[in-house]
Amino acid sequence: MVTGAAGFIGGNLCRRLVDEGYAVVGIDDLSTGIPENVPADIDFHLADIRGRAIHPLFKDIDTVFHLAAKNCLFDCLNSPLETSDINVRGTVNVLEASKEAGIGKFVYADSSAVYEGVRDFPSKVERVKPVGAYAISKHSGALFAEMYRAFHGLNLTTLRYFNVYGPAQDYRRIMPPAISAFILKIFEGNSPIIYGDGTKRRDFVYVDDVNDLHLLTIEDPRTDGRVFNVGSGANYSVIEIFNLISEAMHVSVEPILLDELPGEAEVTLADITQTLELGWRPRTNIRRGILNSIEYLKKEFESGKLASLD
Ligand SMILES: NC(=O)c1ccc[n+]([C@@H]2O[C@H](COP(=O)([O-])OP(=O)(O)OC[C@H]3O[C@@H](n4cnc5c(N)ncnc54)[C@H](O)[C@@H]3O)[C@@H](O)[C@H]2O)c1
């Protein structure tokens, strides 16, 4: 079962699971996800994770990847009620359905945002300090999952994703993630926008590498009951990413610098010691990952699917 199956990570995960021979059930309400992300050969249900109607779908499920969430930082800051409703109440509903069905494994999609109030880098799994609405809601969901582990024997793995990027990253939203946003602006012949001075640093991890870890959570009992950082253990400034993209697209363009957005961390950097101990490695270097993202968005652009991001 993958919740958020029409989203960026969920859609990529469904495809990988199908390729590996798993039968997959997917749930998404398409609030931000898109139908094209859902592979045709999964059992897809258009449903809201907050509803009782999802419970029967968990019958005979072995593993749940709970990815559905409201996750645009700014939207979340502006609508804490809806954020907590989806990310906390929705998560508890998915946990209840999982408990009732007696599933074998629950993988919770946590976020590096829970480190936003901690200034020591690289971020270690033991110390979190969520500050904004998104981070608080993701951490609350994680704490509820932990409660189901402690009191109901849920076999839980919590994955704290850093900046996941790659093909099918959601470029349609008002504020797309930086890599997609830069590439699209260049395809449109416009200058990419950077919020702030571009010195903020982010730990980027490629979506296929994240899927390698997803598979490990199903197959490797060393992941049971534990929290893992999912990053690459290296970070790049926004300007460095911008330069890598312009170089890969063979353009010389100046970014437009606008005021900083509220609530964005200065630095993200994962301590991946424990993740590496599983034998997992981030295999895709940033240049390769950017090239793959450009290739994907080029196809979208040429097929005329792209709406203007202005
Ligand atoms: N992408 C990242 O870099 C990143 C980083 C940290 C954490 N995460 C977490 O990973 C998960 C997936 O992120 P993503 O980047 O794929 O996001 P996404 O927005 O592309 O996917 C989330 C999906 O959840 C669906 N959804 C939202 N509310 C729903 C509801 N009430 N019922 C059913 N479906 C609902 C959306 O339609 C969307 O398809 C999220 O939980 C997010 O918090 C992502």
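On a predicted model such as this, the values are computed, not experimentally measured, just so you know.

**Student:** Mind showing me how you'd approach the overall build of the protein here?
**Tutor:** Helices and strands together make up the secondary structure of the protein, namely 9 helices and 13 strands. In summary, the protein has a C-alpha radius of gyration of 19 Å against a globular reference of 19 Å for 310 residues, a match within 12%. Look at the contacts in the protein between residues 6 or more apart in sequence, and 78% of them connect residues 24 or more apart. Summing over all exposed atoms, the protein offers an accessible surface of approximately 13900 Å²; the carbon and sulfur share of this is 53%. For the protein, the distance from the average site of its 31 positive side-chain charges to the average site of its 43 negative ones is 3 Å.

**Student:** Help me understand the site of the ligand, please; the structure alone is not making it clear to me.
**Tutor:** Near the ligand there are 30 residues, and of these Ile 9, Asp 28, Asn 71, Tyr 134 and Lys 138 occur at the shortest range. Residue Lys 138 places a side-chain N or O atom 2.7 Å away from an oxygen atom belonging to the ligand. Protein contacts shield 93% of the accessible area of the ligand, which totals 820 Å² for the unbound molecule. Among the secondary structure elements, those contributing two or more residues to the shell around the ligand are helix H1 (8–19), strand E5 (105–111), helix H4 (133–152) and strand E7 (163–165). With 3 residues, the top contributor of residues to the shell around the ligand is E5. Taken together, the residues of the shell around the ligand break down into 15 nonpolar, 8 polar and 7 charged.

**Student:** What exactly am I supposed to notice about H1 here?
**Tutor:** Its 12 residues give H1 an end-to-end C-alpha distance of 17 Å, which sits within 8% of 16 Å, the value for a rise of 1.5 Å per residue. Most of H1 is tucked away, with 10 of its 12 residues classed as buried. Along H1, the residues classified as buried are Phe 8, Ile 9, Gly 10, Gly 11, Asn 12, Leu 13, Cys 14, Arg 16, Leu 17 and Val 18. Those residues of H1 that are buried lie in contact with strand E1 (2–3), strand E4 (63–66), strand E6 (156–161), E7 and helix H6 (207–219).

**Student:** What should I look at first to understand the environment of Tyr 296 in this one?
**Tutor:** Within the secondary structure, Tyr 296 is located in helix H9 (residues 286–302). As a C-alpha pair, Tyr 296 and Ala 168 span 128 residues in sequence and 7.4 Å in three-dimensional space. With residues up to four places along the chain from it excluded, the contact list for Tyr 296 reads Pro 167, Ala 168 and Tyr 171.

**Student:** Hey, could you run me through the environment of Thr 223 in this one?
**Tutor:** In this fold, Thr 223 is placed in the loop between H6 and strand E11 (226–230). With relative accessibility at 0%, the residue Thr 223 sits in the buried group. C-alpha separation for the pair Thr 223 and Asp 60, spaced 163 residues apart in sequence, amounts to 22 Å.

**Student:** So what exactly am I meant to see when it comes to the pattern of salt bridges here?
**Tutor:** Side chains carrying opposite charge are able to pair once their charged atoms draw close together. Enumeration according to the criterion identifies 21 salt bridges in this entry. Between Glu 82 and Lys 70 there is a salt bridge whose closest N-O contact spans 3.0 Å. Here Glu 82 is found in helix H3 (residues 80–101), whereas its partner Lys 70 is found in the loop between E4 and helix H2 (73–78), with 12 residues between them in sequence. When its relative accessible area of 38% is taken as the criterion, Glu 82 is described as partly exposed. The exposure class assigned to Lys 70 is buried, which follows from its relative accessible area of 14%. Three or more residues are tied together by salt bridges with common partners; here these are Arg 16, Glu 20, Asp 212 and Arg 283.

Analysis parameters
- Residues numbered from 1 in each chain as written.
- Predicted model: local features only at pLDDT ≥ 70, side-chain atom pairs only at ≥ 80, totals over all residues.
- Heavy atoms only, no water.
- Helix = DSSP H or I, 4+ residues; strand = E, 2+ residues; numbered from the N terminus.
- Rg over C-alpha atoms; globule rule 2.2 N^0.38 Å.
- Contact = heavy atoms within 4.5 Å.
- Areas by Shrake-Rupley, 256 points an atom, 1.4 Å probe, with all protein chains shown as cover.
- Lys, Arg positive; Asp, Glu negative; His and termini not counted.
- Charge placed at Lys NZ, Arg CZ, Asp CG, Glu CD.
- Near = heavy atom within 4 Å.
- Polar contact = N/O pair within 3.5 Å; in protein donor to acceptor, adjacent residues only side chain to side chain.
- Nonpolar A, V, L, I, M, F, W, Y, C, P; charged D, E, K, R; others polar.
- Expected span 1.5 Å × (residues − 1).
- Buried < 20%, exposed > 50% of the residue type's maximum accessible area, 1.4 Å probe, protein only.
- Salt bridge = Lys/Arg side-chain N within 4 Å of Asp/Glu carboxyl O.

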